[in-house]
Amino acid sequence: MKQKTIIPVGPYHPLQEEPELFKLFCDGEIVTDIEWETGYNHRGIEKINESKTFEQVFFVVERICGICSTSHPFAFANAMEEIAQVKVPDRAKYIRTIIAELERIHSHLLWVGLAGHFIGYNTVFMWAWKYREPILDLFEIITGNRNSYAMFKIGGVRRDIDEKDYSKILKILDGVKPKAEMLMKAVIDDPVIHMRTKGIGILTKQDILDYCAVGPTARASGVDVDIRRDDPYAAYPLVNWKVIVTQEGDVFAKAVVRFLEIFESISIIEQCVEKLRKDPPGQIDVKVKNIPEGNGAGRAEAPRGEVFHYVITDGSNSPVRHKIRAPSYVNVATFKKSCVGQTISDATLALAAVDPCYCCTERMAHVYDSRTRQRVLDGRGLIQLSQQRTQTLKKNLFGKNT
Amino acid sequence: MAGHIFYFLIFPGLLFAGVGGGLLSWFDRKITARVQFRVGPPLLQPFYDFVKLMAKETIIPSNAAKTVFLLAPILAVAGACLSSVFILLPGFGISSGFRGDLVVVFYLLMVPSLAYIIGALASGNPIANLGASREMKLIIGYELSLLLVLAAIILKAGNTISLNEIIAVQQQQGAFIGSISGMLLFIVSMMCVQAKLAFVPFDIADAETEIAGGIFLEFSGFTLAMVKLAKYIMLLVLPSFVVVILLGGFRFEGIHILWSVLKLLGVVLLITLVRNTNPRLTIGQSMRFFFIWMNLFAIIAIVLAYFGY
């Protein structure tokens, strides 16, 4: 076999700030194969949650990811409310939607900036992050935090939006809109950016379906999926908005989808604020006394795609099993299609284009003994371990009935 | 002999070009920062960087060719100093009596890039090797354009290859940029300078987010300080070269001093703005850019210059 160079992207690499490893097998400048490894930052969140009460779990899942820190609590709340059969008051639904959409705006602006940085366009990087700043200020006004907002609880939200804050929200959004438009024009009309992004890292509709990719990655390839519409939750069925879909599937299309989604999000928030303004201040949560035995699945559309939480409860105050699937977990696998055959310059851009979030995705693959360097557990062993555990759980939970 | 050593080490060589280049590097960084809504570094930051790097440990990769790896950055500095002597001496109106300096300068300007390539290949790092191969391709791309620019300059200056005479012709007849061919040549030479300085959109060989520093990846401590110094010097030398061949050179009497400094700063400002308003190209795109467009521009300029426009 012809010898190939391995160009490592990671575990520490200026391309992406999180620890992850992509092995690009290169023949000259052309990437012929790619392998990826995560697991450098595995924190065992699912296991931790089994020892926390439901109220505490919200704070843990919020810290899965710093950027989409509302999507995980949102999905978890959806799962818990399915188990407890709780009906959330409308006011709480609107507040939840506002938080989630603000998060989408700041996350997409962050991606635009990073994408600019990845192609060496640091001016876009700095400008996008500057225009993202008012959104973070807005978060501070509404929730008290710039990040990790601690707004969610079972049955509602923790804080109400003050009546005098409505105008502030609308004012800041009005300020963000022209700036986002300016940024979009600067990026979308730049011929040099066209050269770098059009036709790069193309994912066809079939690739998306094969790899089950989600979120803007899928929507940029003409796959019309959006959990907000397909599995309605919170206030999304109560406001007017549309799902942005483009057909090309390249990096440029992904940028266009994200830009247009920013404007959709602004429109959703404006409608929610109008509805809040019309309704008199009322309940923002319902009291949930206890969580019955059962299981529930919650989904939420994070800025990167579908977040899925599955919870099994046994009537106590903590989950028996909590399964989390973050969108990057499925999106990262598409690199096999988008990067192979590209040059290294284009492959690194294609890596960044799905807006991967590795700390959401962390999976442990191997366990080594630090002294003897012997492998204690590998992927298969861990899966066996997990299957045994699931079987024991099943026996304990449902054994009496079956 | 002593005079030559003075030229090389003090003025306009190592010391002068190093300090001047450092200040220009600050100018570049400050403008970049202001464009990006940042505050930017203090005036002496480039020198702090240099001194700090000198004090740091120099790590030599275990599979590197040690001597070559350590000598390559020094070669880069030496080449940059020599080219600064050959460009700035005529620029300051000091005649060295040597009449073929345009050709020598053309070769000397290539030395730092070649030295980086040698250092990168000697480091034994696959990513640095990749960066070196990219730099080689880039050199192949822009050198022909630069050569065509120089050919047009020679034609315009009346078949002379002496920088002193080129400046003298411009000071009598007005700077070459005043003509149509001169403007075309200015565009082409600015692009070549951008590529030689390894600034966006041509920072392909050290693309940080792709190959993590590429050709400069394994340099650290003393060697990295030398690379930085060579880059500072080149940031003074290359814009000066453009000023000398196209903008009428420098003059040091009365108001002309201010005018000369403004010309230099103007060229650096242009380079900075180009680097802040463009994304990085891929190596294929940049080679196509030079081979097709820049060479075409340069050839048109030669034809125009031949007919006296």
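Quantities reported herein were computed from a predicted structural model and do not represent experimental measurements.

(A) Local environment of the overall build of chain B. Looking only at helices and strands, chain B features 13 helices and zero strands. Secondary structure of chain B in N-to-C order comes out as α-α-α-α-α-α-α-α-α-α-α-α-α. Taking 19 Å as the expected radius of gyration for a compact globule of 309 residues, we find that chain B reaches 19 Å, a close match to that expectation. Residues counted as buried form 53% of the 309 residues belonging to chain B. Long-range contacts, defined as pairs at least 24 residues apart, comprise 81% of the intrachain contacts of chain B with a sequence gap of at least 6.

(B) Layout of the overall build of chain A. Each helix and strand in chain A was counted, giving 16 helices and ten strands. Here the C-alpha radius of gyration of chain A, 22 Å, is about what a compact globule of 402 residues would show, namely 21 Å. Overall, the C-alpha framework of chain A stretches about 65 × 55 × 40 Å when taken along its three principal axes. Taking all 402 residues of chain A together, the buried fraction comes to 48%. Here the analysis covers contacts within chain A between residues at least 6 apart in sequence; of these, 69% occur between residues at least 24 apart.

(C) Region of the structure containing the interface of chain B and chain A. Contact residues are listed per partner, giving 24 residues for chain B and 24 residues for chain A. Counting residues per element, the ones that place at least two in the side of chain B that touches chain A are α7 (126-156), α10 (208-211) and α13 (283-306) of chain B. Counting residues per element, the side of chain B that touches chain A draws most heavily on α10(B), at four residues. Taken together, the residues of the side of chain B that touches chain A break down into twelve nonpolar, seven polar and five charged.

(D) Seen up close, the environment of Ile48(A). Here Ile48(A) is to be found in helix α1 (residues 45-49). Taking the number of C-beta atoms within 10 Å as the measure of exposure, Ile48(A) has 14 and is therefore partly exposed.

(E) Fine view of the pairing of strand β6 (residues 293-302) of chain A. All names here are of chain A. With ten bridges connecting them, β6 and strand β7 (residues 305-314) associate as antiparallel partners. Residue pairing in the sheet places Asn-295 in a bridge with Ile-312 of β7. Between β6 and the antiparallel strand that follows it, β7, lie two residues.

(F) Layout of the sheet that holds β7(A). Residues and elements named next belong to chain A. With respect to topology, three strands assemble into an open sheet ordered β6-β7-β8, the strand pairing being antiparallel. At either margin of the open sheet sits one strand with a lone partner, and together these are β6 and β8 (321-325). Taken pair by pair, the neighbouring strands of this sheet meet at an average axis angle of 10°, ignoring direction. Sitting on the sheet, helix α3 (residues 71-84) is in contact with β6 and β7, with an inclination near 145° to β6.

(G) Broad picture of the packing of α7(B) against helix α9 (residues 180-196) of chain B. Residue and element names in this part refer to chain B. Direction vectors running N to C along α7 and α9 enclose 150°, while the axes themselves pass 9 Å from each other. Compared by their axis directions, α7 and α9 come out roughly antiparallel. For α7 against α9, the interelement crossing comes out left-handed. Seen from α7, the contacting residues are Leu-138, Tyr-142, Ser-145, Leu-146, Val-149, Ala-152 and Ile-153; seen from α9, they are Ser-181, Leu-185, Val-188, Ser-189, Cys-192, Ala-195 and Lys-196. Taken together, the residues that form the contact of α7 with α9 break down as ten nonpolar, three polar and one charged.

(H) View of the domain arrangement of chain A. By the assigned domains, chain A splits into domain 1 (45-361) and domain 2 (373-402). Each of domain 1 of chain A and domain 2 of chain A was reduced to a C-alpha centroid, and the two centroids are 32 Å apart.

(I) Spotlight on the nonpolar core. Residues and elements named next belong to chain B. Among the nonpolar cores identified, the biggest contains 218 residues, and Leu-185 and Ile-233 are the most heavily contacted of them. When residues of this core are assigned to their parent elements, the largest contribution, 19 residues, is made by helix α11 (residues 221-246). Filtering out sequence-adjacent residues up to four positions away, Leu-185 remains in contact with Val-149, Ala-152, Ile-153, Phe-176, Leu-246 and Ala-301.

(J) How the structure looks around the sheet that holds strand β2 (residues 21-27) of chain A. Residue and element names in this part refer to chain A. Spatially, β1-β2-β3 is the arrangement adopted by the three strands of the open sheet, whose pairing is antiparallel. The open sheet has two edge strands, β1 (5-9) and β3 (30-37), and neither has a second partner. Taken pair by pair, the neighbouring strands of this sheet meet at an average axis angle of 25°, ignoring direction. In the sheet, β1 pairs with β2 via five bridges, with the strands oriented antiparallel. Its bridge partner being in β2, Ile-7 is matched across the sheet by Leu-24.

(K) Quick peek at the packing of helix α4 (residues 66-91) of chain B against helix α6 (residues 111-123) of chain B. All names here are of chain B. Running from N to C, α4 and α6 point in directions that differ by 175°, and their axes come no closer than 8 Å. Taken together, the axis directions place α4 and α6 in an arrangement best described as roughly antiparallel. Facing Val-68, Phe-69, Ala-72, Pro-73, Leu-75, Ala-76, Gly-79 and Ala-80 of α4, the residues of α6 in contact are Val-111, Pro-112, Ala-115, Tyr-116, Ile-118, Gly-119, Ala-122 and Ser-123. Split into classes, the residues belonging to the contact of α4 with α6 amount to 13 nonpolar, three polar and no charged.

(L) Here's a closer look at α6(B). All names here are of chain B. Between the first and last C-alpha of α6 there are 18 Å, a value that for 13 residues agrees with the 18 Å anticipated at 1.5 Å per step. Across the 13 residues that make up α6, a large majority, eleven, are buried. Burial in α6 covers these residues: Pro-112, Ser-113, Ala-115, Tyr-116, Ile-117, Ile-118, Gly-119, Ala-120, Leu-121, Ala-122 and Ser-123. On its buried face, α6 is in contact with α4, α7, α9 and α11. Positive phi shows up at Gly-124, right after α6, with a value of about 75°.

(M) Highlighting unusual backbone geometry. The linkage connecting Val200(B) with the following residue, Pro201(B), adopts the cis geometry, with an omega of 5°. One non-glycine residue, Ala150(A), lies in the positive phi region at around 50°. Inspection of the secondary structure assignment puts Ala150(A) in the loop between α5 (122-143) and β4 (152-153). The class for Ala150(A) is partly exposed, based on 17 C-beta atoms found within 10 Å.

What counts, and at which threshold
- Residues numbered from 1 in each chain as written.
- Chains lettered and ligands numbered in written order.
- Predicted model: local features only at pLDDT ≥ 70, side-chain atom pairs only at ≥ 80, totals over all residues.
- Helix = DSSP H or I, 4+ residues; strand = E, 2+ residues; numbered from the N terminus.
- Rg over C-alpha atoms; globule rule 2.2 N^0.38 Å.
- Buried ≥ 20, exposed ≤ 12 C-beta atoms within 10 Å, placed from the backbone.
- Contact = placed C-beta atoms within 7 Å.
- Nonpolar A, V, L, I, M, F, W, Y, C, P; charged D, E, K, R; others polar.
- Pairing = 2+ DSSP bridges.
- Axes fitted to C-alpha atoms, helices over the stretch in contact; angles between N-to-C directions.
- Parallel < 35°, antiparallel > 145°, perpendicular 65-115°, else oblique.
- Left-handed = near helix turned anticlockwise from the far one by under 90°.
- Domains from an automatic or database assignment.
- Core = buried A, V, L, I, M, F, W, Y, C linked by C-beta atoms within 7 Å.
- Expected span 1.5 Å × (residues − 1).

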